[in-house]
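Observations on the three-dimensional arrangement
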Amino acid sequence: MSVALSPRQETIPAIYQEIHPPLDSARAVLEADRCLECGGPYAPAPCTAACPARVPVPQFIRAIREGRPEEAAKLIFEANILGGSCARVCPVEELCEGACVLTKEGRRAVSIGRLQRYATDVALARQLNFFARPAWKPQSVGVIGAGPAGLACAAELAKMGYDVVVYESRPEPGGLITSAIAPYKQLKDPLPAEVAMIERLGVKIHYGVTVGKDISFEELERRHQAIFLGVGLGADASARIPGEDLHGVWDSLEFVEQIKSGRPPKIGPIVAVIGGGNTAIDVAREAVRLGATNVMVLYRRTEEQMPAFKHEVKAARREGVHFYFLTAPVRLLGNGKVRKIECIHMRLGAPDKSGRPAPEPVPGTEFTLEVDTVIKAIGQEKRVELWKALGLETEGGLVTVNENFQTNREKYFAGGDCINGGATVVEAVRHGKLAAQGIAKFLAKG
Ligand SMILES: Cc1cc2nc3c(=O)[nH]c(=O)nc-3n(C[C@H](O)[C@H](O)[C@H](O)COP(=O)(O)OP(=O)(O)OC[C@H]3O[C@@H](n4cnc5c(N)ncnc54)[C@H](O)[C@@H]3O)c2cc1C
């Protein structure tokens, strides 16, 4: 397989080459000219309605077409403070571009993601200041987690004039954008510039501080009048099969993080990925870029039931990834190092708790595949212990919130992956914004 190269990317290792390289200004204007500027005073354009952050797409595209990319960026960042990151990582095929009316006529959607990237790149490179700080309000909000949900919540609150302090366990911001999202979508930039913009709004970020360990929740309650939990999910869930501790067996998050930190793991030519979500597809595509010649995704249900986005599955297939459906791993075999994976065929039975037909093993159908590397991508653990310690109501291990993103403890609000079980960056941004509005309502009551 070969990954398409844009001329400027030829010298970059395949794993770090961007799949959607930037547009130059001439191509951006030409692309912007394709937009039909749908929508009007009574209904938003379909692309805007499909965007969880409600970015005013036709308006920013018009500004690009008329040669005003800075104004386009202002419209984008007002709606989505991580508009540059989202331009790279959003599943646009499922959101704005998927709703573009051109596709209804069988034409190619306007490249909204790449246009959004063009405008935000121009503005971030010039360090433009789009937001004037309003008068300070006396109340302070503590935000736990500098992932997309926490950053969006912090920015929105600072725009309203609140004092905002973010506490982040890791040494850098971004949550899964920084540590987990495929490097061919986004390595780091433009996140640091977006965070600098948030800090210019007056938000203070304390890195290397784990709330509950380095500082207590009680102390945070003393310091702040409201607290936003944007803590995401935990580590990779275990596959609960023998052999997981063999050398050559990776957790997906650890695997991607090593690539993103510039130390790509050494993998063998045959790679098996366990799972059927977007993370499984991402790590399979990463394995291809790292040089594996046979990458297999093993999923215990059927293709129709696979949670991964269809366009991502299609792209993985194009890059040479093979899929084994109705296949579950039974154990990993090897002498210190993984050599084989024993699997069993599955069939679909009665619906399980999720309402989907439950996969069940077909006795006597075990078979073995030779492997050099196994990557487990079956989802992240939920933060059940934390919710218990805080006395928060949960459902299925996720915190429950009301329409204001407020938990059963009135001072605590929550959003992002820790309430939806894992979705997208732009969905976490939406939660952060709406929770900020919920917090403002709560604080206004005094
Ligand atoms: C492998 C992978 C690939 C993905 N690819 C995409 C993609 O291409 N596009 C897309 O839109 N979405 C993608 N996602 C999903 C997306 O990354 C998440 O939905 C999004 O990051 C959730 O944001 P969040 O702020 O809720 O949580 P997170 O991003 O997980 O951020 C939570 C933050 O809270 C911090 N934290 C946790 N506990 C504490 C504590 N006690 N004290 C202080 N700090 C704490 C963490 O260190 C972390 O920085 C992907 C996810 C994964 C796992």
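Scope of this entry: the structure provided in the associated data block.

The secondary structure content of the protein amounts to 17 helices and 16 strands. The buried share of the protein, taken over its 446 residues, is 54%. Sequence-distant contacts, at least 24 apart, represent 69% of the contacts inside the protein between residues at least 6 apart. Surface exposure of the protein reaches about 19,800 Å², of which carbon and sulfur atoms provide 52%. Mean positive and mean negative side-chain charge positions of the protein (55 and 52 charges, respectively) differ by 2 Å.

For the rest of this paragraph, the subject is the site of the ligand. For the ligand, the set of nearby residues contains 32 residues, the closest of which are V89, E168, L176, V211 and D417. Here a nitrogen atom of the ligand and a backbone polar atom of V89 are 2.8 Å apart. When the ligand sits alone it has 1,000 Å² of accessible area, and the protein chains cover 92% of it. Among the secondary structure elements, those contributing two or more residues to the shell around the ligand are α8 (148–159), β2 (163–168), α13 (278–289) and α17 (425–444). Considered class by class, the residues forming the shell around the ligand number 15 nonpolar, eleven polar and six charged. Residues from two domains meet in the shell around the ligand; each of domain 2 (140–234 + 381–444) and domain 3 (249–376) gives at least three.

What follows is about the packing of aromatic side chains. The description of two aromatic rings rests on the distance between their centres and on the angle between their planes. One pass over the full model with this rule turns up six aromatic pairs. A centroid spacing of 6.5 Å and a plane angle of 80° characterise the contact between F130 and F131, whose relative ring orientation is edge-to-face. In this structure F131 comes out as buried when scored by relative accessible area, which is 18%. On the numbers, 5.8 Å between centres and 55° between planes, the contact of F413 with F442 is tilted. Separated by 29 residues along the polypeptide, F413 in strand β16 (residues 412–414) and F442 in helix α17 bring together distant segments of the chain. Neither residue differs from the other here; F413 and F442 are each classed as buried.

Right, let's talk about the sheet that holds strand β13 (residues 373–376) for a bit. The five strands are arranged β5-β13-β6-β7-β8 in an open sheet whose pairing can be described as parallel. The open sheet has two edge strands, β5 (249–251) and β8 (322–324), and neither has a second partner. Neighbouring strand axes in the sheet, compared pairwise and without regard to direction, differ in orientation by 20° on average. Where helix α12 (residues 252–260) meets the sheet, its contacts fall on β5 and β13, and the angle it forms with β5 comes to roughly 85°.

Our focus in this paragraph is the nonpolar core. Core analysis: the largest hydrophobic core is formed by 96 residues, its most contacted members being F60, I61, I64, L115, L229 and I439. At ten residues, the largest contribution of residues to this core is made by α17. There are two domains that each give this core at least three residues, and those are domain 1 (7–125) and domain 2 (140–234 + 381–444). Leave out the neighbours within four places in its chain, and I61 touches A32, C35, V110, I112 and L115. Y16, V256, Y299 and A308 belong to the second largest nonpolar core, which has 27 residues in total.

Next up on the list: the pattern of salt bridges. In the structure shown here, the tally under the stated rule is 33 salt bridges. Among the salt bridges present, the one from E37 reaches R65, with a minimum N-O distance of 2.7 Å. You can see E37 sitting in the loop between α1 (25–32) and α2 (46–49) and its partner R65 sitting in helix α3 (residues 57–65), a full 28 residues away along the chain. For E37, a relative accessible area of 25% translates into the label partly exposed.

Let us look at the sheet that holds β16. An order of β3-β2-β1-β4-β16 is seen for the five strands of this open sheet, with the pairing classed as parallel. Both outer strands of the open sheet, β3 (204–207) and β16, are each paired with one neighbouring strand and no more. Between one strand axis and the next, the sheet turns by 20° as a mean value, whatever way the strands run. Pairing analysis gives three bridges linking strand β4 (residues 226–229) to β16, with the strands arranged parallel. Considered in β16, the bridge of L229 is made with A414. Across the sheet, α8 is in contact with β1 (140–144), β2, β3 and β4; its angle to β2 comes to roughly 165°.

Listed as buried for helix α4 (residues 69–79) are P69, A72, A73, I76, F77 and A79. One face of α4 carries all of its buried residues, which in axial projection span an arc of 160°. Tucked into the core, α4 has its buried residues touching α3, α5 (83–89), α7 (112–125), α8, α10 (191–200) and α17.

About the thresholds
- Residues numbered from 1 in each chain as written.
- Predicted model: local features only at pLDDT ≥ 70, side-chain atom pairs only at ≥ 80, totals over all residues.
- Heavy atoms only, no water.
- Helix = DSSP H or I, 4+ residues; strand = E, 2+ residues; numbered from the N terminus.
- Buried < 20%, exposed > 50% of the residue type's maximum accessible area, 1.4 Å probe, protein only.
- Contact = heavy atoms within 4.5 Å.
- Areas by Shrake-Rupley, 256 points an atom, 1.4 Å probe, with all protein chains shown as cover.
- Lys, Arg positive; Asp, Glu negative; His and termini not counted.
- Charge placed at Lys NZ, Arg CZ, Asp CG, Glu CD.
- Near = heavy atom within 4 Å.
- Polar contact = N/O pair within 3.5 Å; in protein donor to acceptor, adjacent residues only side chain to side chain.
- Nonpolar A, V, L, I, M, F, W, Y, C, P; charged D, E, K, R; others polar.
- Domains from an automatic or database assignment.
- Phe/Tyr/Trp six-rings, centres within 6.5 Å; stacked < 30°, edge-to-face > 60°.
- Pairing = 2+ DSSP bridges.
- Axes fitted to C-alpha atoms, helices over the stretch in contact; angles between N-to-C directions.
- Core = buried A, V, L, I, M, F, W, Y, C linked by side-chain atoms within 4.5 Å.
- Salt bridge = Lys/Arg side-chain N within 4 Å of Asp/Glu carboxyl O.
- Arc of directions from axis to C-beta.

Just geometry here; none of it tells us what the structure is for.
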